[in-house]
Amino acid sequence: MNNYIQKGKTLTVALAAAVTSGQLVLLGNSKLPAIATGTYAANVAGEYQLSGVFELPADGPSAGVVGDLAYWDAAAGDVTSTAAGNTKIGVYASPKVATDLTARVRLTQLS
């Protein structure tokens, strides 16, 4: 097939803001969740992982079981169980109790 480019598990993107390795970003107007694979300065192309399970900062009050939807609160910069005003990024990959300040999330691709 002469039009194949890549598997699509990562994308190369230059973002307007600097990012650190492991940071979750929301790409484009679709708000595609992606994880920075390295630390990149603003406007420098970097690699962003689109799939997998990642441990991310989470709000204390949220709780969830494996398979529950996980959302990103961009204002707070953390994972939450609250859908209103937040972006769906995936599902909880391990149980999260209300006292946990991190959550393991399996990123989901847009459908």
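Here the structure is a predicted model, which means the values were calculated and not measured.

## What about the overall build of the chain?
Thought 1: Per the secondary structure count, the chain includes zero helices and nine strands.
Thought 2: In the chain, the succession of helices and strands from N to C terminus is β-β-β-β-β-β-β-β-β.
Thought 3: What you see for the chain is a C-alpha radius of gyration of 14 Å, in line with the 13 Å of a compact globule of 111 residues.
Thought 4: With respect to the principal axes defined by its C-alpha atoms, the chain has extents near 45 × 35 × 20 Å.
Thought 5: The burial tally for the chain puts 34% of its 111 residues in the buried class.
Thought 6: Of all intrachain contacts in the chain linking residues separated by at least 6 positions in sequence, the fraction that spans at least 24 positions is 47%.
Thought 7: Here the chain displays about 6,400 Å² of accessible surface, and carbon together with sulfur accounts for 55% of that area.

## Section: the pairing of strand β2 (residues 24-27)
Thought 1: Here β2 pairs with strand β3 (residues 32-36) via four bridges, running antiparallel. Of the residues in β3, the one forming a bridge with V25 is A34.
Thought 2: Connecting β2 to the next strand, β3, in antiparallel fashion are four residues, including G28 with a positive phi near 65°.

## A look at the packing of aromatic side chains
Thought 1: This model, assessed by the stated rule, comprises one aromatic pair.
Thought 2: Between Y40 and Y48, the aromatic rings sit 5.8 Å apart at their centres with planes inclined by 50°, giving tilted as the arrangement. There is no split in this pair, since Y40 and Y48 are both buried.

## Overview of the sheet that holds strand β6 (residues 69-73)
Thought 1: Strands sit in the order β5-β9-β8-β6-β7 across an open sheet of five strands; the sheet is antiparallel. Here the strands that pair on one side only, and so sit at the sheet edges, are β5 (53-57) and β7 (78-80). Mean inter-strand twist for the sheet, computed between neighbouring axes without regard to direction, equals 50°.
Thought 2: Pairing analysis gives four bridges linking β6 to strand β8 (residues 87-92), with the strands arranged antiparallel. Counterpart to Y71 in the pairing with β8 is K88.

Reading the values: the criteria
- Numbers given to residues run from 1 along each chain, matching the order in which its sequence is written.
- Local features in this predicted model are restricted to residues whose pLDDT is 70 or higher, and side-chain atom pairs enter the listing and the counts only when it is 80 or higher, whereas totals over whole chains, interfaces and linings include all residues.
- Side-chain descriptors were evaluated using all non-hydrogen atoms of the structure, hydrogens and water having been removed beforehand.
- Numbering goes from the N terminus for both helices and strands, where a helix is a DSSP run of H or I of at least four residues and a strand is a run of E of at least two.
- A radius of gyration in this sense is built from C-alpha atoms; the matching globule rule multiplies 2.2 Å by the number of residues raised to 0.38.
- Under the scheme applied here, a residue whose accessible area is under 20% of the maximum for its type counts as buried, over 50% as exposed, and between as partly exposed, the area being computed with a 1.4 Å probe on protein chains only.
- Should any heavy atoms of two residues lie within 4.5 Å, those residues are considered in contact.
- Computed by Shrake-Rupley with a 1.4 Å probe, the accessible areas treat only the displayed protein chains as cover when residues are assessed.
- By this definition, two strands are paired if DSSP reports at least two bridges between them.
- Each aromatic pair joins two rings of Phe, Tyr and Trp (for Trp, the six-membered one) with centres within 6.5 Å, and gets the label stacked for planes under 30 degrees apart, edge-to-face for over 60, and tilted for any other angle.
- Every angle, taken between N-to-C directions, lies between 0 and 180 degrees, and every axis is a line fitted to C-alpha atoms, over only the stretch in contact when it is a helix.

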